[in-house]
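# Overview (structure and organization)
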Amino acid sequence: MLELYKDEYFKSLVFKTNISEHVNKLNRLTDKYIKEAAKRNKEIIKLNKTIPKKLKTDFGLSHHSPSLALDDNFKFFIDIISNFSNRFIYECGFDTQNKKLHLSELWVQEFSKSGGGHHSTHQHWNQHVSGFYFLKCSNLTSFPRFYDPRPGAVMTKLPLLDKNKISSGTEIIHYKVQPGDMIIFPGYLPHEFTVDHGIEPFRFIHWNIQYV
């Protein structure tokens with residue numbers, strides 16, 4: 001038989017590590033933002049006259065903060081994610097010598113304790129690097145899933161020989177996470193968070209970065 005050379009191209013790089021030493025500090029720093037967001041959601045639900053009184057809960061919602069980049073207490077964390085993002089973009093093979101890292105977005109959110117919190121599949125347009133840092137999670141909470149970003153590959157997808165094995169034909173990848181886990185990925189990579197049942201708290205910081 002002829003010798004067959006195997007190459008793989010057009011991969012999407014994903015970084016994952018655990019930096020648990022910052023979890024307690026960041027939980028303390030983000031507590032007030034989650035409380036304020038939950039209070040805002042409560043007021044919005046209260047004013048919504050289309051919802052029957054007995055159904056006025058925060059089921060299905062996430063409590064979302066404004067930008068944390070305006071709070072100097074998060075400067076140490078911004079330095080951490082900036083360093084990891086620079087390393088990520090270098091590992092992807094991009095030249096950013098004449099470009100500057102710009103933190104586009106940085107926020108914290110926590111899914112409702114009533115359950116139902118989730119994010120449907122989406123991408124972050126015009127962003128080079130996206131990331132998660134998990135503060136509260138367990139095997140009983142939501143977790144992130146990533147999808148094949150190649151439209152052509154999805155359109156022509158064939159059945160897999162073994163769905164339990166990761167291969168070049170795998171369409172969905174998920175990560176079970178624990179506090180301190182950090183995941184960094186390209187902004188173009190479609191991702192979602194599975195429905196959370198509200199059994200245990202689920203809180204994470206999310207960011208987007210551009211090189212301009």
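For the structure, see preceding data.
Calculation notes
Residues numbered from 1 in each chain as written. Predicted model: local features only at pLDDT ≥ 70, side-chain atom pairs only at ≥ 80, totals over all residues. Heavy atoms only, no water. Salt bridge = Lys/Arg side-chain N within 4 Å of Asp/Glu carboxyl O. Buried < 20%, exposed > 50% of the residue type's maximum accessible area, 1.4 Å probe, protein only. Pairing = 2+ DSSP bridges. Helix = DSSP H or I, 4+ residues; strand = E, 2+ residues; numbered from the N terminus. Axes fitted to C-alpha atoms, helices over the stretch in contact; angles between N-to-C directions. Core = buried A, V, L, I, M, F, W, Y, C linked by side-chain atoms within 4.5 Å. Contact = heavy atoms within 4.5 Å.

### Some thoughts on the pattern of salt bridges
- This model, assessed by the stated rule, comprises seven salt bridges.
- Between Asp 148 and Arg 150 there is a salt bridge, and its shortest N-O distance comes to 2.8 Å.
- Its relative accessible area of 11% is what places Asp 148 among the buried residues.
- Taking relative accessible area as the criterion, Arg 150 reaches 32% and is therefore assigned partly exposed.
- Taken together, the shared-partner salt bridges connect Asp 31, Glu 110 and Arg 203 into one network.

### Some remarks on the sheet that holds strand 6 (residues 144-147)
- The antiparallel open sheet is built from four strands, whose spatial order is 4-9-6-7. Only two strands of the sheet have a single partner each, and these edge strands are strand 4 (119-122) and strand 7 (172-174). Between one strand axis and the next, the sheet turns through 15° on average, direction left out of account.
- Across two bridges, the pairing between strand 4 and strand 9 (residues 191-193) is antiparallel. Each residue of the ladder has a partner; that of His 119, found in strand 9, is Phe 193.

### Section: the nonpolar core
- Membership of the largest hydrophobic core comes to 27 residues, with the highest contact counts inside it found for Leu 26, Phe 77, Leu 106, Tyr 133, Met 182, Ile 205 and Trp 207.
- Going through the elements one at a time, helix 1 (23-47), helix 2 (75-91), strand 3 (101-111), strand 5 (129-136), strand 8 (181-186) and strand 10 (203-211) are the ones with two or more residues in this core.
- Those residues within four positions of Met 182 in sequence are excluded, and the remaining contacts are Phe 15, Lys 16, Thr 17, Ile 19, Phe 77, Ile 80, Ile 81, Phe 84, Phe 132, Tyr 133 and Trp 207.
- Judged by nonpolar contacts, the second largest core, of twelve residues, contains Phe 111, Val 177, Ile 183 and Phe 202.

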